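# A structural walkthrough
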Amino acid sequence: MKKILTAIAVIALAACSGNQTFDPATVADATPEQVTRVEPLSWWVGMKMPLQLLVQGENISEYNVAIEGGAGVSVEKVNKADSPNFLFVDVKIAANAQPGTYYIVFSKDGASFKYPYEIEAREDGSAERESFTTADMIYLIMPDRFANGDPTNDSTDDTADKYARNELFGRHGGDIQGIINNLDYISELGATAIWCTPLLEDNQPQHSYHGYACTNYYKIDSRFGTNDLFKEYVDKAHEKDLKIIMDIVPNHAGSAHWWMEDTPFKDWYHVFDTYTGSNIAFSTNMDPNASKKDLYIQESGWFDRSMVDMNLDNPYVLNYFKQWAIWWIEWAGLDGFRVDTYPYNEKDPMADWCAAVMNEYPNFNIVGEVWTSSIPQLAYWQGDNENKDGFNSHLKSVMDFPLHDALRAGLNEDNGGWGMGMVRVYDILSHDFVYHDLSNMMIFPGNHDTDRLGDVLRKNPDRVKIAMAMMATMRGYPQIFAGDEQMFVSCDLGMGHGGLRVDFPGGWEGDEMNLFTAEGRANATKNTDGLSVPKGQAADLFDYVSHLFQWRKTKDVIHNGKTMHFLSRDNTYGYFRYDDDDVVFVYVNNSNEPKNIPWSYYSEISEGLKGGVDVVTGEPCEVSDDTVAAPQSVLIVEYKR
Ligand SMILES: [Ca+2]
Ligand SMILES: [Ca+2]
């Protein structure tokens, strides 16, 4: 009897499948136990990426699944997992399907329940959206430490790690509203894009402020705001011509992630008998002599005890991350991705992931954190590089850590000499022949993981200016870490990340200084919380950096021009950016003595250049062999050809 009833139910469902007149009132809503979650949260008509729903619910694998509500959307295949509490449902969406609310109907033994699911229309031009390019300057923010726009969310009921602004590794209360409130500051600085460290939920019991241990890939952390507020942030940034780059972490999830209680598959993440951390030997990815074991530990070992290493070789995991990435781009209107710990991901599935995102959005840009000082290794990871093993990462952009290292080391050296001072930078650029695409190098003088630029340069404002001037004129596209434009320093060098990720003065109600305003910067003086400038210096540095990056916005010769540089081992560095119409000359004197600029030595490109304008002062500037560059200074002169 039971069997017959089931058969009748299946026939009945089959009969109404695709029926436009499906009446949702005739089927009960699923309880939270019956369907705990469905991801992605919604989807769209006209996507290239096939839709595979992750459905979680108590013994959900025992149910038949159908989709009701319209002719164009149907179940193609239902895939079971190792756990009975998951299903992976392949959904077919016809090109002419009507956008609207559909219902996933689960049936067993004649009983059914339904779960609503939105299939939306795409916005015009979504697939062709532009992304960040060499024309951009990216401002890097750690939201917990930037500005507290909403003190009511500093601690929330659904998260464990509570507000503790007095602790360097605690939560300080910064949030999305704080960024929205200060978009004008970011624009004024000359930035055209924002990269925030992760905003998704990180519900680890401790050290959650950095957000790199995600516990829910579809939810903005309640201490930062809501999904809707994130979307509002993207929209408001776009109104000010600021692009939004989302920081994402497919390599690992937080150990407090919801799926750790019951993973869909036994191999959902990398399981070891005893804790096994990654050996961080990125070289094993391209080293022809590497053992498979070392490679396995590199890509499968955990980043940290609190960060579970995901198994991207499981096709359901990989699919999950592909759809998740595409969902956030489409839903929130993103302009780019920054991918954390890139080489820790298994490289072939990760290349497949990049290709899937690019297939959906051909102009989209993704920058990978490939933290290596090895230039050949870095080049290997950039998409379309001609690697001997045939590997293609499909990753457009990489971070130029070799330049970061050389710039900071070189600027910090008072004396030149063989291999020291500015020749370090010359040497890095002399390796540009190994890169497939120099326009997709992210250049940066520091980020949230490396020592504060102000500390590295021993609080020397002249050298901070040199670093910023080089960021504004070198190949690739620059990224500046919030606060470096006003020479923030660590509030406690002995506390590593906790010390350098200082709160931005003015972001909290009651702050004594407000460095977001011109008046506040003019009056700012040294404090104990990460600012170390005499009165007036914060304003001077901000104005300098702002002027250069506002100038850079329209300079095609910087965005797309070639570079010619000249060797000098006296702690100076002369280089030119040029195209058919324009030339920009940059001369760095990082030494402690005045230097005559060897203009005639540059005759190969300098000959005939007239009518130069000093980019910083706006005054006419004719450079000659008699021109003297002051100690620890930088000169930028632009010419029309
Ligand atoms: Ca807050
Ligand atoms: Ca991994």
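Residues numbered from 1 in each chain as written. Chains lettered and ligands numbered in written order. Predicted model: local features only at pLDDT ≥ 70, side-chain atom pairs only at ≥ 80, totals over all residues.

## Digging into the overall build of the protein
Looking only at helices and strands, the protein has 17 helices and 28 strands in total. For the protein, whose C-alpha radius of gyration is 27 Å, the value lies close to the compact-globule estimate of 26 Å for 641 residues. With respect to the three principal axes, the spread of C-alpha positions in the protein is 100 × 55 × 50 Å. By the burial criterion, 48% of the 641 residues in the protein qualify as buried. Of the contacts made within the protein by residues no fewer than 6 positions apart, 72% connect residues no fewer than 24 positions apart. (Helix = DSSP H or I, 4+ residues; strand = E, 2+ residues; numbered from the N terminus. Rg over C-alpha atoms; globule rule 2.2 N^0.38 Å. Buried ≥ 20, exposed ≤ 12 C-beta atoms within 10 Å, placed from the backbone. Contact = placed C-beta atoms within 7 Å.)

## Re the confidence of the model for the protein
The pLDDT averaged across the protein works out to 95; a share of 96% of its residues lies at or above 70. For the stretch residues 1-19, pLDDT sits under 50, and the model shows 18 contacts to residues farther than four places along the chain or on other chains. (pLDDT = per-residue confidence, 0-100.)

## Overview of unusual backbone geometry
Across the chain, the bulk of peptide bonds are trans and the bulk of non-glycine residues have phi less than zero. For the bond running from Glu39 to Pro40, omega is 0°, close enough to zero to count as cis. Here Pro40 is to be found in the loop between β2 (37-39) and β3 (43-44). The backbone of Ile280 sits at a positive phi, close to 60°, despite the residue not being glycine. Summarising the element assignment, Ile280 is placed in the loop between β15 (252-254) and α5 (292-300). Assessed through the 16 C-beta atoms surrounding it within 10 Å, Ile280 is described here as partly exposed.

## Things to note about the pairing of strand β6 (residues 73-80)
Summarising the sheet, β6 and strand β7 (residues 86-93) pair through seven bridges and their orientation is antiparallel. Each bridged residue has a counterpart across the sheet, and for Lys77 the counterpart in β7 is Asp90. Between β6 and β7, which pair antiparallel in sequence order, lie five residues. (Pairing = 2+ DSSP bridges.)

## So, the sheet that holds strand β4 (residues 51-56)
The antiparallel open sheet is built from four strands, whose spatial order is β2-β4-β7-β6. Each having just a single partner strand, β2 and β6 make up the two edges of the open sheet. Averaged over all pairs of adjacent strands, the angle between strand axes in this sheet comes to 25°, irrespective of strand direction. (Axes fitted to C-alpha atoms, helices over the stretch in contact; angles between N-to-C directions.)

## Details of the sheet that holds strand β10 (residues 138-141)
Spatial ordering of the closed barrel is given by β10-β11-β14-β17-β18-β19-β20-β21, a layout of eight strands whose pairing is parallel. Neighbouring strand axes in the sheet, compared pairwise and without regard to direction, differ in orientation by 25° on average. Pairing analysis gives four bridges linking strand β14 (residues 243-248) to strand β17 (residues 336-339), with the strands arranged parallel. Within β17, the residue paired with Ile245 across the bridge is Gly336.

## Here's the deal with the domain arrangement of the protein
Partitioning the protein into domains gives domain 1 (2-120), domain 2 (138-257 + 310-552) and domain 3 (561-640). Computed over C-alpha atoms, the centres of domain 1 and domain 3 are 66 Å apart. (Domains from an automatic or database assignment.)

## Thoughts on helix α12 (residues 461-473)
Here α12 contains 13 residues, and its C-alpha end-to-end distance of 18 Å stays within 8% of the 18 Å for a straight helix at 1.5 Å per residue. With 11 of 13 residues buried, α12 lies mostly within the body of the structure. (Expected span 1.5 Å × (residues − 1).)

## Quick word on the environment of Asn182
Residue position: Asn182 is located in the loop between α2 (176-181) and α3 (183-189). The class for Asn182 is buried, based on 20 C-beta atoms found within 10 Å. Remark: the alpha-carbon pair of Asn182 and Thr517, spanning 335 residues in sequence, is separated by 9.8 Å. Once residues within four sequence positions are removed from consideration, Asn182 is found in contact with Ala147 and Phe516.

## Looking at helix α6 (residues 315-332)
Counted at 1.5 Å a residue, the expected span for α6 with its 18 residues is 26 Å, and the 26 Å between its end C-alpha atoms agrees. Counting buried positions over the 18 residues of α6 gives 13, a clear majority of the element. Just downstream of α6 lies Gly333, where phi reads positive at about 80°.

## Comments concerning the environment of Thr372
Assignment of secondary structure puts Thr372 in the loop between β18 (365-368) and α8 (375-381). Spatially, the C-alpha atoms of Thr372 and Phe566 are 26 Å apart, while their sequence positions differ by 194 residues. Discounting residues that sit within four places of it in the chain, Thr372 has contacts with Phe282, Gln377, Leu378 and Phe401.

## Notes on the pairing of strand β9 (residues 111-120)
As defined by bridge partners, strand β1 (residues 28-29) adjoins β9 across two bridges and the pair is classed as parallel. Paired with Ala28 across the bridge in β9 is Phe113. In this sheet, β9 lies alongside strand β8 (residues 100-108) in antiparallel orientation, the contact comprising nine bridges. Its bridge partner lying in β9, Tyr103 is registered against Pro116. Hairpin remark: β8 followed by β9, antiparallel, with two residues in the connecting loop; positive phi at Asp109, about 50°.

## Things to note about the nonpolar core
Formed by 170 residues in total, the largest nonpolar core has its most connected members in Ile138 and Ile194. Ranked by the residues each element gives to this core, the list is headed by α6, at nine residues. If we skip the residues at most four places from it in the chain, Ile194 touches Tyr139, Ile141, Ile186, Ala237, Leu242, Ile244 and Ile245. (Core = buried A, V, L, I, M, F, W, Y, C linked by C-beta atoms within 7 Å.)

## Some details on the packing of α6 against helix α7 (residues 347-360)
In contact at an axis separation of 10 Å, α6 and α7 are set at 35° when each is read in the N-to-C sense. At the point where α6 passes α7, the crossing takes the right-handed sense. Contacts between α6 and α7 pair Leu318, Phe321, Lys322, Ala325 and Ile326 from the former with Pro349, Asp352, Trp353, Ala356, Val357 and Glu360 from the latter. Counted by class, the contact of α6 with α7 contains eight nonpolar, no polar and three charged residues. (Left-handed = near helix turned anticlockwise from the far one by under 90°. Nonpolar A, V, L, I, M, F, W, Y, C, P; charged D, E, K, R; others polar.)

## Things to note about the environment of Pro40
Looking at Pro40, the number of C-beta atoms within 10 Å reads 22, which means it is buried. With 211 residues separating them in the primary sequence, Pro40 and Asn251 have C-alpha atoms 19 Å apart. The residues contacting Pro40, other than those within four sequence positions of it, are Gln323, Trp324 and Trp327.

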